[in-house]
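# Structure at a glance
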Amino acid sequence: MRTQRIHWMTLSILVVVSLLLAACAAPAAPTAAPVATEAPAAATEAPVVTEAPAPTTGSLILLDWASYEAPDYWTTFAKAYPDVKVDFSFMSESADSYAKLKSGFKADTVHPCSNFWKIMADENMLAPLDTSKMKNWKDVSPSLAAQGAFGGKQYWAPYEWGFEGILVRKDLVQKVPESWADLWDPQYKGHVAFYDSGETAHIVAARVLGFDPWKTTPEQDEQIKQKLLELMPNVLTIWSSQTELEQMIASGDVWVAASAWNATYINMINQGLDVVYLNPKEGRMGYLCGFAIPATSTNYDLALAMIDSYLDPTSQAKFANDMGYGISNNAALPMVKIPAAAVEGLGMDNAEIISKTMFYQYLTPEQRQAWTDVWSEVKTSK
Amino acid sequence: MENRGRFISLIGPPGLYLFLFFLMPLGVMFVYSFRAGISGVAHDTFTLANYQSFLTNTHFHRLLRQSAGVSLAVSTISTLLAYPLAYYLVFRAGSKRVTLMTLLIIPTWTSYLLRIFSWKLILGSNGVLNSLLLSLGLVEKTSPILIYSRGAVIVTLIYVWVPFVALPIFAALERIDKSLLEAAADLGCKPWEAFARVTLPLSLPGIVAGFFFALIPTLGEFVTPLLVGGASGSMYGNLIQDQFMRALNWPMGSVMSLAMLLAVLFLVFILTRLGSLTDLAGF
């Protein structure tokens, strides 16, 4: 009996101590490291050097999307720094990379899309890029680069852009859909795949209802929720990984894949499937993604060299040819030779399609919370 | 003195490990649950708003109940399936025991994802089963069978957990002194009576261990629902993931995780009291 009491006492002391420790430790976590301002200052004061000033040994951790790790996409870095160890940690979506950095994950580059660019710059999570040291910066599309500059500093190097559209198995549907609104058509019941993102769900429903997705009123939000609830009977599954989606399209389980990316279209036609990438009435959705260096990185120069290497024209052209994404380096464009069917199918060179495309924009934390909550409720309603 | 030294050297390392990697994070989560957010102004002020909004959000409660239902179903059925399996291995398999035991464990050596994908190959629209039904003329149009539903989540989880539930039952059955069964037979017990009055009560600790082995982790499952749950299979774990990874609302995610922890403790409490299993098992 006595030993038992001692055990309970020990246990409760442990709990109390751990709570105290946690209370002390926790506040430190979310504040941004002060390194942010130091690194770039040192970098800009340094005289302009043409040869790479980065150390030739060391290691880099890239927080990046899966399939971007192929050495084909950073050949010049591998050649210039053969002794640097390069490791990849994968992010499943932009929010994920933000959450990982917030929780103290130390990465040397990070690669979310532009809807997360402002918040990360605002919260001092990044070290500005010293573009004078980047050989390929001069060829980067100025309009894309402009989206990555905040407060007069260039935080982001745009890398790729792409569409989010509707991919359809032409051989399986009676009638090919023409708009986002057709996702609600009962003839596709049980064969629609929808992307697992409250942000995307909100934007899709808002556009179908004719609202400006980023300026919805509370009444409109309620209508959006009802609209999404009405979509659920048509939805077979909510997808979150590209591989999983492609497997379900190929198996014939999914006929209509919403928010499919360019690479999925390329992979499906490479498999010989009869698919079409819609140009919906409301216009497609689009995104722009790129690299930045987290303020906590202790390998600033190497990270900068790595980003520069990703921007290399030959590497970027190779990337575009493999994936069918749009790229940021204008000097690489002449080398892009994706199959004609793919260019045409995706409309990568079609100015009209691009002008009708709605690109993801910055959303406030309140919007992020509200949209996620609505989606959580909708997707668990069935 | 010697005893205490042994106690510390045995309990110390795992205790320290659990303290650092279990109790500490739990404490961090507890602290986070009273915060306003992870970024922005005043994100670290003390607030009870997260608890309040959890208590008023009925769809969280519904999903928690639903998930508890799923994990109860999974652990009950897994236990029912695992028991005869373990029984056969201990009392009937004889020299084949090691081989059969290995066969039971082997599937867990392959990647979980790979196993799920191969399920989809069998059950999907172009899958083996559909092709068979089509060629036999039993169906005219193919459609996914069983997958993409809450039922699929339950079936998959049972498949995953049966071997793990079988192991503690196996261990418990193996410990039973065979002479007890002989004595029962000598005293005129029919085989089923011997089973009901000797084997089953003595194997109860294994049953209880196996049952909770499956119950506790499945309540927080979020990977299986993502893969086979389709549009109706989401579980409570998926909502926690949404708060942490998508809404970036760690405080709310923490409240939801703590609520789940309480739910598990509650379930364990109820179930151990139910029919005083522990008395039967003799501990």
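This structure is a prediction, so every number in the text was calculated from the model and none was measured.

Residues and elements named next belong to chain A. For Lys170, the position within the fold is in the loop between β7 (157-169) and β8 (192-195). The partly exposed category is assigned to Lys170, whose relative accessible area is 40%. For the pair Lys170 and Gly272, spaced 102 residues apart in the sequence, the C-alpha separation amounts to 12 Å. With residues near it in sequence (within four places) discarded, Lys170 still touches Val176, Asp274, Val275 and Val276.

As a further point, take the confidence of the model for chain B. Residues and elements named next belong to chain B. When pLDDT is averaged along chain B, the result is 86; 95% of the residues meet or exceed 70. Confidence scores differ between elements of chain B, with helix α13 (residues 277-281) showing the lowest mean pLDDT of 51 and helix α3 (residues 58-92) the highest of 92. Reported confidence for the predicted complex is 0.80 by ipTM and 0.80 by pTM.

This paragraph deals with the pairing of β7 of chain A. Taken residue by residue, a regular strand's side chains alternate between the two faces of the sheet. All names here are of chain A. Of all 13 residues making up β7, 13 are buried, and the element is well covered by its neighbours. Strand direction decides the pairing type here: β7 and strand β14 (residues 326-327), joined by two bridges, are antiparallel. Counterpart to Glu160 in the pairing with β14 is Ile327. One ladder, built from five bridges, connects β7 with strand β10 (residues 256-261); its direction is antiparallel.

Each packed pair of helices is defined by two parameters, the angle between the axes and the distance between the axes. Residues and elements named next belong to chain B. Where helix α11 (residues 236-246) contacts helix α12 (residues 250-273), the two axes come as close as 7 Å, and the packing angle between them is 155°. Judged on the interaxial angle alone, α12 and α11 are roughly antiparallel. Every pair of crossing elements has a handedness; the one defined by α11 and α12 is left-handed. Across the interface between the two elements, Tyr236, Leu239, Ile240, Gln243 and Phe244 from α11 touch Trp250, Met252, Gly253, Ser254, Met256, Ser257, Ala259 and Met260 from α12.

Once that is clear, we can look at the interface of chain B and chain A. On the side of chain A, 46 residues touch chain B, which itself brings 42 residues to the contact. Summing both partners gives a buried area of about 3900 Å² for chain B against chain A, and 60% of it is carried by carbon and sulfur. Per-residue buried area on chain B facing chain A is highest for Tyr148, Ala231 and Arg246 of chain B; these three make up 17% of the total on that side. Counting across the interface, chain B meets chain A through three salt bridges. Across the pair Lys379 of chain A and Asp242 of chain B runs a salt bridge, and its minimum N-O distance is 2.9 Å. In this assembly, chain B and chain A are joined by 12 residue pairs in polar contact (both at pLDDT 80 or more). For the side of chain B that touches chain A, the secondary structure elements donating two or more residues are α1 (2-32), α3, α5 (112-123), α10 (223-228) and α11 of chain B. Here the side of chain B that touches chain A is composed, by residue class, of 23 nonpolar, 13 polar and six charged.

Next up on the list: the pattern of salt bridges. Tallied over the full model, the rule gives 17 salt bridges over all chains. When the shortest N-O distance is used, the salt bridge between Asp171 of chain A and Arg169 of chain A registers 3.0 Å. On the basis of relative accessibility, which here comes to 43%, the residue Asp171 of chain A falls in the partly exposed class. For Lys379 of chain A, the salt bridge goes to Asp196 of chain A, with nearest N and O atoms at 3.0 Å. Here Asp196 of chain A lies in the loop between β8 and α7 (198-209) and Lys379 of chain A lies in helix α15 (residues 365-379), a separation of 183 residues in the sequence. Across the pair, exposure class does not vary: Lys379 of chain A and Asp196 of chain A are buried alike. Connected via shared salt-bridge partners are Glu93, Asp196 and Lys379 of chain A together with Asp242 and Arg246 of chain B.

Definitions and limits used
Residues numbered from 1 in each chain as written. Chains lettered and ligands numbered in written order. Predicted model: local features only at pLDDT ≥ 70, side-chain atom pairs only at ≥ 80, totals over all residues. Heavy atoms only, no water. Helix = DSSP H or I, 4+ residues; strand = E, 2+ residues; numbered from the N terminus. Buried < 20%, exposed > 50% of the residue type's maximum accessible area, 1.4 Å probe, protein only. Contact = heavy atoms within 4.5 Å. pLDDT = per-residue confidence, 0-100. Pairing = 2+ DSSP bridges. Axes fitted to C-alpha atoms, helices over the stretch in contact; angles between N-to-C directions. Parallel < 35°, antiparallel > 145°, perpendicular 65-115°, else oblique. Left-handed = near helix turned anticlockwise from the far one by under 90°. Buried area = accessible area lost by both parts, 1.4 Å probe. Salt bridge = Lys/Arg side-chain N within 4 Å of Asp/Glu carboxyl O. Polar contact = N/O pair within 3.5 Å; in protein donor to acceptor, adjacent residues only side chain to side chain. Nonpolar A, V, L, I, M, F, W, Y, C, P; charged D, E, K, R; others polar.

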